[in-house]
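Structural overview for review
Listed below, chain by chain, are the residues.
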Protein chains: 2
Amino acid sequence: MEPYKLFDAEYKFTCLIWDNEPINSTDLVKLCLAELGWKKSTTYTVLRKLCKRGSLRNEEATVTSIVKKEDAQKYESQMVVEKSFNGSLPQFLTAFLGGKGISNEEAEELKRIIEEATKS
Amino acid sequence: MEPYKLFDAEYKFTCLIWDNEPINSTDLVKLCLAELGWKKSTTYTVLRKLCKRGSLRNEEATVTSIVKKEDAQKYESQMVVEKSFNGSLPQFLTAFLGGKGISNEEAEELKRIIEEATKS
DNA sequence: ACAAGAGGTCTATCTCGATAAACCAGATAG
DNA sequence: CTATCTGGTTTATCGAGATAGACCTCTTGT
């Protein structure tokens, strides 16, 4: 399976790691209990799976990410555009904005992002 | 469950309906066999589920959609932005474009869509 | 010496999405 | 009048994501 692909629970889990890495595995267990209500074995089960998939690494009880947040998000965004919008970003944007408006500030920000991607 | 939410198989199925409605249910069975390789019972099972959910309607063997494509796409786009991008469209756009560029034409189109949403 | 904690694995359960086989009632063509 | 077609329903299987209980080994503080 693609190391970029993260299911719902996996994504929440990996977010905690991105925000705290490098993190000791026992600390991660505590963090997951606090933030997600997970038992120890759940944390280790998911951790092991994601390590096998190549998304994370756990070496000498230190957990770090191989796949970075930007990569996972990029993958996720492209997947949804592909699957539900024919691969068309304009179609996505149209659907997202559908009807409701946005502020001038946000519009400026969006246009800046587009400019940035155009001049390459 | 939300009538807007469509799982993968359901989405493909509903796409056929959007493209062909109103459609006779027996014809839909044939269409699903041809396009998705589904058996008759599969088609009826999914159809019934989506009718119960309020996404589709099947009256006197005529199938029509209640939820329209734009609505489903809007829901889908907002879900992904919410769940994976903190509800931030700029964050989504940044991730999607991440690194690679876009053509001038596409950039213009995107900016036009943004303009459209701004002036309301 | 021994209890407790760190760091894990193995196996299992539950739910649910995807798919289908089997069956059924009413209309209709030959 | 009976074989076929239309228009379904009921029930089941299978895989996978989400979650966890039980157990295990090694180290360390008392």
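Residues numbered from 1 in each chain as written. Chains lettered and ligands numbered in written order. Predicted model: local features only at pLDDT ≥ 70, side-chain atom pairs only at ≥ 80, totals over all residues. Heavy atoms only, no water.

An unreviewed UniProt entry lists chain A under the name CopY family transcriptional regulator, with Peribacillus loiseleuriae as the source organism. Under the Sequence similarities (unreviewed entry) heading, UniProt states for chain A: "Belongs to the BlaI transcriptional regulatory family." (UniProt positions renumbered as here; feature names shortened; annotations may be inferred.)

This brings us to the protein's contact with DNA strand D. Close contacts around DNA strand D come from 20 residues, with Ser41(A), Thr45(A), Thr26(B), Lys40(B) and Arg48(B) the closest. Considering the 4 Å shell around the protein, atoms of DNA strand D inside it are sugar or phosphate in 55% of instances. Within the side chain of Ser41(A), a nitrogen or oxygen atom sits 2.8 Å from a base nitrogen of DNA strand D. With respect to DNA strand D, the side chain of Thr45(A) contributes an N or O atom lying 2.8 Å from a base nitrogen. Counting only elements with at least two residues in the surface near DNA strand D, the list comes to helix 1 (8–20) and helix 3 (40–53) of chain A together with helix 2 (25–36) and helix 3 (40–53) of chain B. With 5 residues, helix 3 of chain A is the largest single contributor of residues to the surface near DNA strand D. Within the surface near DNA strand D, the residues separate by chemical class into 6 nonpolar, 9 polar and 5 charged. (Near = heavy atom within 4 Å. Polar contact = N/O pair within 3.5 Å; in protein donor to acceptor, adjacent residues only side chain to side chain. Helix = DSSP H or I, 4+ residues; strand = E, 2+ residues; numbered from the N terminus. Nonpolar A, V, L, I, M, F, W, Y, C, P; charged D, E, K, R; others polar.)

The next thing to look at is the relation of the copies chain B and chain A. Between chain B and chain A, the superposition needs a rotation of 180° and an axial shift of 0.0 Å, giving an RMSD of 0.1 Å. Viewed as a symmetry operation, the transformation between the two copies matches a two-fold axis. In terms of C-alpha distance to the rotation axis, chain B has Lys111(B) as its closest residue, with the C-alpha 3.1 Å off the axis. (Least-squares fit on C-alpha atoms with pLDDT ≥ 70 in both.)

Okay, the interface of chain B and chain A next. Tallying the contact residues gives 37 residues for chain B and 37 residues for chain A. Carbon and sulfur atoms make up 68% of the surface buried where chain B meets chain A, a total of about 3700 Å² over both sides. When the buried area of chain B at its contact with chain A is split by residue, Leu89(B), Phe96(B) and Ile114(B) rank highest and sum to 17% of it. Here chain B and chain A share 4 salt bridges between them. With its nearest N and O atoms 2.9 Å apart, the salt bridge here joins Lys83(A) to Asp8(B). Taken together, the links from chain B to chain A amount to 14 residue pairs in polar contact (both at pLDDT 80 or more). Looking at the side of chain B that touches chain A, the elements with two or more residues in it are helix 1 (8–20), helix 4 (69–85), helix 5 (89–97) and helix 6 (104–118) of chain B. In terms of residue class, the side of chain B that touches chain A is made up of 17 nonpolar, 11 polar and 9 charged. (Contact = heavy atoms within 4.5 Å. Buried area = accessible area lost by both parts, 1.4 Å probe. Salt bridge = Lys/Arg side-chain N within 4 Å of Asp/Glu carboxyl O.)

Right, let's get into the pattern of salt bridges. For the structure on display, the rule yields 10 salt bridges over all chains. Of the charged contacts in the structure, one is a salt bridge between Lys68(A) and Glu21(A), with a shortest N-O distance of 3.7 Å. Taken together, the positions of Lys68(A) in the loop between strand 3 (62–65) and helix 4 (69–85) and Glu21(A) in the loop between helix 1 and strand 1 (23–24) put the pair 47 residues apart, joining distant regions of the chain. Since its relative accessible area comes to 25%, Glu21(A) is described here as partly exposed. Shared partners join several salt bridges into a network, and the residues in it are Glu108(A), Lys111(A) and Glu115(B). (Buried < 20%, exposed > 50% of the residue type's maximum accessible area, 1.4 Å probe, protein only.)

A word on the sheet that holds strand 1 of chain A. Residues and elements named next belong to chain A. Ordered in space as 1-3-2, the 3 strands form an open sheet in which the pairing is antiparallel. Two strands bound the open sheet, and with one partner strand each, they are strand 1 and strand 2 (56–59). Across 2 bridges, the pairing between strand 1 and strand 3 is antiparallel. Opposite Ile 23, over in strand 3, you have Val 63 as the bridge partner. (Pairing = 2+ DSSP bridges.)

Before going further, it helps to examine helix 1 of chain B. Helix length check: helix 1 of chain B, at 13 residues, gives a terminal C-alpha distance of 19 Å against a target of 18 Å (1.5 Å per residue), a fit within 8%. Looking only at helix 1 of chain B, the buried set comprises Glu10(B), Tyr11(B), Phe13(B), Thr14(B), Cys15(B), Leu16(B), Ile17(B) and Trp18(B). Taken together, the buried residues of helix 1 of chain B touch helix 4 of chain A together with helix 2, helix 3, strand 2 (56–59), strand 3 (62–65) and helix 4 of chain B. (Expected span 1.5 Å × (residues − 1).)

Let's shift gears to the packing of aromatic side chains. This structure, assessed with the given rule, holds 11 aromatic pairs over all chains. Judged by centre distance (4.3 Å) and plane angle (5°), the rings of Phe92(A) and Phe92(B) are stacked. Placement of Phe92(A) in helix 5 (residues 89–97) and of Phe92(B) in helix 5 is noted, with the two residues assigned to different chains. A relative accessible area of 0% means that Phe92(A) is categorised as buried. Each ring, one from Phe13(B) and one from Trp38(B), has its centre 5.5 Å from the other, and the planes form 20°; the classification is stacked. Of the two residues, Phe13(B) sits in helix 1 while Trp38(B) sits in the loop between helix 2 and helix 3, which places them 25 residues apart along the sequence. Among the aromatic residues, ring-to-ring pairing joins Phe85(A), Phe92(A), Phe96(A), Phe85(B), Phe92(B) and Phe96(B) into one connected group. One cation-aromatic arrangement involves Lys100(A) over Phe96(A); the distance from NZ or CZ to the ring centre is 4.6 Å. (Phe/Tyr/Trp six-rings, centres within 6.5 Å; stacked < 30°, edge-to-face > 60°. Lys NZ or Arg CZ within 6 Å of the ring centre and 35° of its normal.)

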